[in-house]
Structure formats: C-alpha cells, structure tokens
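Here are the chains, one letter per residue:
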Amino acid sequence: MWCRRLACLLRVPCQLSGSTRHRSPWLPRDGRTVLAAAPRWHHMAPESLKCAWQLHGDHLELRYANTLMRFDFVWLRDHCRSASCYNAKTNQRSLDTASVDLGIKPKAVRVDETTLVLTWPDGHVTRYGLEWLVKNSYEGQKQQVMHPRILWNAEIYHQAQVPSVDCRSFLETDEGLKEFLQNFLLYGIAFVENVTPTKEDTEILAERISLIRETIYGRMWYFTSDFSRGDTAYTKLALDRHTDTTYFQEPCGIQVFHCLKHEGTGGRTLLVDGFYAAEQVLRQAPEQFELLSKVPLKHEYVENVGDCHNHMIGVGPVLNVYPWNNELYLIRYNNYDRAVINTVPYDVVHRWYAAHRTLTTELRRPENELWVKLKPGKALFIDNWRVLHGREAFTGYRQLCGCYLTRDDVLNTARLLGLQA
C-alpha cells in the first residue's frame, strides 16, 4: 500500500489547491463588517489599490504590497498578539489553540493604512500590522528564502576572493566573528588563519560559535591513517566527495578541520558546493530533482574495530527542501555509507538511479571542484548540510583534529549578530 502511494506521489507533481470547504455566506451585523451574499473586494478608499480585502465563508483574502494572501479564520484567531494571547516578554503563545472554535468567524473586520482589525464573537479584538502579515503569510514566505546563499563552483569562489578571518579577530571581536559567519552562511565554508596548531586551541576556536556536538567519534578527535576506526577516512586512500554522518537521523551540521602536521605529499582537501550542483539538476531535469527530494533512503554505519561497536542508521532523501518554497536546505550524499535500497518500489528505483547519476555527474565536474591544501594554523569550517568534502591520497604522516558543531547554536550566534540565518 505504501509503495503504491509513493509511486503515485512520484509520478504526479504536487499542486497546491484552494480550500475545499464550502460554507453559506453570512450577513452583516454592523457597519464595519464586510459581509455579503457574494464576496467582493473592499478598499480603504474607492480609489485605493494598495490594500483590498474580501471575506469568504472560511477565510479572509487580503491584497497588500503586491501580495495576494489568504488567511484561515482559525489561523487569524490563533496568532493574535494581544496581551491575553501572547507573552511579549517571553515571545511565547499564551492562547490555548485547542480552545479555539474550528468554526470561528470574525464578527467585524476593519482595515486602515497599516492595520487589520478583527473583532471576534466574544468581543475579543485582534490587530495585525499589514507588513507583519505579508512577512508571515504563506504567500509571503513562498517569495522569501530562509537562508540567503551564494552558490559557487571553483571559478566563482576564486573570483569572490573570500577572505579568511584572523584568529585573534575571530576570538576577540564581534566584527571578526560576524565577518566569519557571513562568509560561512553565504558560501558554506569559511577559514580562520593563525590558529595555534593544537587540539586545545582548535577546541577554543570551535566553542566561539557553538556547542561541540559529541558523537560516536567523541567530542574532539584526532584523525590519522592508523585505521583506528572502521572508516575509509582513517586510511591514506583518496576519498570521493561526500557529506558526513548521513547515517545519523539528523546529520551533523558543521564540521571543523585543522591540519596539525603533514610530513609527506598529497592530501589536498576537495570541496564541492552540493547546492550549486543540485541547482543545475533542477534547471536541467526538474523531475529528477523532485525524485531526489522525495525518495527516502537508508544510510548505515556498521563498525566493529577494537572497542568501537556501532550500528547507526539514518533515513532521508538525498535532497531535502522546504515544501512551501522548494528551497534546498540539506543534501545527504555519501555513496560509501548508503545502505541497501529497500525503501523504494521497483518501478521507481530505476528512475532514482538515473536521477542520482545526473546529480553525481554535476558533483564530479572538474569545474565544480575547489581544492585546498590544509596547513597547520589554518582551520576550515564546513557546512555539512551543503558542502561535500573529500581528499586526494597522500603519503607520510598526516594528522588532523576537528569536531562537529551543533547547527542550531551556530545559526543562533549568527542571528544574535544581526545576520539572516
């Protein structure tokens, strides 16, 4: 049954439709109420086109700032920002949503130059700024991005000449920290220079922007080719581009790398903007992009080395998008750790392989590859939800340290500094 529903979903594009509820028109009760047998537009003044509205049986339709918005009556009551419904000190809702009558309708409606005013049957008055409604309506959110970004290939990144941030400025000034975070949010990678090449100093660096996320690899880790863990990364072999911890239900958000020592050759780090590659797929084959954003896959990590015994499974599509604006927010791509494909019906799996091949082709284009030689003193922060990393094979002794950071805390730090994140 589930497979048939999935197959149907993947064949038929999702379309938004208007409400299917139908209610009888209702009659006016006072001069401010705009109710009629047939809905009609009402303006603040006969000649005004800046704001207009009309009532329907179950929702209010409002046109303002070139945006046509539709608000369910329950939504309008639930989001009231009056003192009895919303605690402005804690920014938390006080109103019990479950107490709102699902058939509620306003008794009176009034709109002036800046405000929508609704009076409810019990006499309660709700006021909304029109600008607030535009920002917080579904239609308004469809026109906005959650996270502004600059998508890049190697040429775009080099031409941007994104500066590294000095360690002292990063640690001691809000300006340096803000510059670093702005670079990180826009490009998904950022560098800090002149870091003392020790694990302890790298830890201090990481804690400047976030709590460190402790995982099965520990809190801070050393990274050498001693095969101390059951992972190809702990060898001298080349690693193809991938994102980390795809086998977590929530993959780690940010990864920190700091090369402490390398006595040998090779070992350059490969970086690829997964969102740039996905954007090319969306342009060339939107149906394949949609398939990659809907088909759930398992990723798995099985380890039995020494005292390390782990069996991790994470489930999710390769591409994860916000459903209201189709904005990509996470790519889960790791061919090493992808488990057996047993969550997809046979008549879909071949099309998935074709879509995966298209994305892989984009990820492997030489022009999309940014190669960086990590050296002692230069720390690299990677958005693991966006940028894939890999490395070339190397010789000699190479030691890195690093950690994972909690994504929520990094974004919290950015917002507190006035950045959109």
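Cut-off values and rules
- Residues numbered from 1 in each chain as written.
- Predicted model: local features only at pLDDT ≥ 70, side-chain atom pairs only at ≥ 80, totals over all residues.
- Heavy atoms only, no water.
- UniProt positions renumbered as here; feature names shortened; annotations may be inferred.
- Helix = DSSP H or I, 4+ residues; strand = E, 2+ residues; numbered from the N terminus.
- Buried < 20%, exposed > 50% of the residue type's maximum accessible area, 1.4 Å probe, protein only.
- Contact = heavy atoms within 4.5 Å.
- Areas by Shrake-Rupley, 256 points an atom, 1.4 Å probe, with all protein chains shown as cover.
- Core = buried A, V, L, I, M, F, W, Y, C linked by side-chain atoms within 4.5 Å.
- Pairing = 2+ DSSP bridges.
- Axes fitted to C-alpha atoms, helices over the stretch in contact; angles between N-to-C directions.
- Salt bridge = Lys/Arg side-chain N within 4 Å of Asp/Glu carboxyl O.

Looking up the chain in an unreviewed UniProt entry gives the name Trimethyllysine dioxygenase, mitochondrial, with the organism given as Fulmarus glacialis. Turning to the chain, the UniProt record has this under Pathway (unreviewed entry): "Amine and polyamine biosynthesis; carnitine biosynthesis." On record in UniProt, under Sequence similarities (unreviewed entry), the comment for the chain is "Belongs to the gamma-BBH/TMLD family."

(A) Summary view of the overall build of the chain. A tally of helices and strands in the chain yields twelve helices and 24 strands. Across the 421 residues of the chain, 49% fall into the buried class. Long-range pairs, those at least 24 residues apart, make up 71% of the contacts in the chain with a sequence separation of at least 6. Carbon and sulfur atoms make up 52% of the accessible area of the chain, which amounts to about 20900 Å² in all.

(B) Structural view of the nonpolar core. Grouped together as the largest cluster of nonpolar side chains are 28 residues, with contacts concentrated most on F170, F180, L181, I209, F381 and L405. Mapped by element, the contributors of at least two residues to this core are α6 (167-172), α7 (174-187), β11 (189-193), α8 (199-207), β15 (254-263), β22 (379-383), β24 (397-405) and α12 (407-416). No other element matches the five residues that α7 contributes to this core. Other than its neighbours up to four places away in sequence, L181 contacts I209, V410, T413, A414, L417 and L419.

(C) Focus on the sheet that holds strand β8 (residues 115-119). One open sheet holds the three strands; their spatial order is β7-β8-β9, and the pairing between them is antiparallel. Strands with a single pairing partner mark the edges of an open sheet, and in this sheet they are β7 (108-111) and β9 (125-129). Adjacent strand axes in the sheet meet at a mean angle of 15°, parallel and antiparallel pairs treated alike. In this sheet, β9 lies alongside β8 in antiparallel orientation, the contact comprising five bridges. Opposite L116, over in β9, you have Y128 as the bridge partner.

(D) Local environment of the pairing of β15. The buried fraction of β15 amounts to seven of the ten residues, a majority that puts the element mostly inside the structure. Direction of pairing for β15 relative to β22: antiparallel, over a ladder of five bridges. The residue bridging V256 from the neighbouring strand is F381, located in β22. Of the strand pairs in this sheet, β15 and β24 are connected by nine bridges, and their pairing is antiparallel. Directly across from H258, in β24, lies its bridge partner C401.

(E) Main features of the pattern of salt bridges. Under the defined criterion, the tally for this structure stands at 17 salt bridges. Where E203 meets R219, a salt bridge forms, and the shortest distance between an N and an O atom there is 3.1 Å. Of the two residues, E203 sits in helix α8 while R219 sits in the loop between β12 (212-213) and β13 (221-223), which places them 16 residues apart along the sequence. Notably, a salt bridge pairs K294 with E290, separated by 2.6 Å at the nearest N-O pair. Linking K294 with E290, this pair stays in helix α10 (residues 286-294), spanning four residues, or about one helical turn.

(F) Structural detail: the sheet that holds strand β21 (residues 370-372). Strand order in the open sheet formed by four strands is β14-β23-β16-β21, and the pairing between neighbours is antiparallel. Two strands in the sheet have a free side with no partner beyond their single neighbour: β14 (239-242) and β21. For this sheet the average axis-to-axis angle between neighbouring strands, irrespective of direction, equals 20°. Across three bridges, the pairing between strand β16 (residues 269-273) and β21 is antiparallel. Looking at β21, one finds that T269 is bridged to V372. Against the sheet, helix α9 (residues 274-284) touches β16 and β23 (387-391), its axis set at about 40° to β16.

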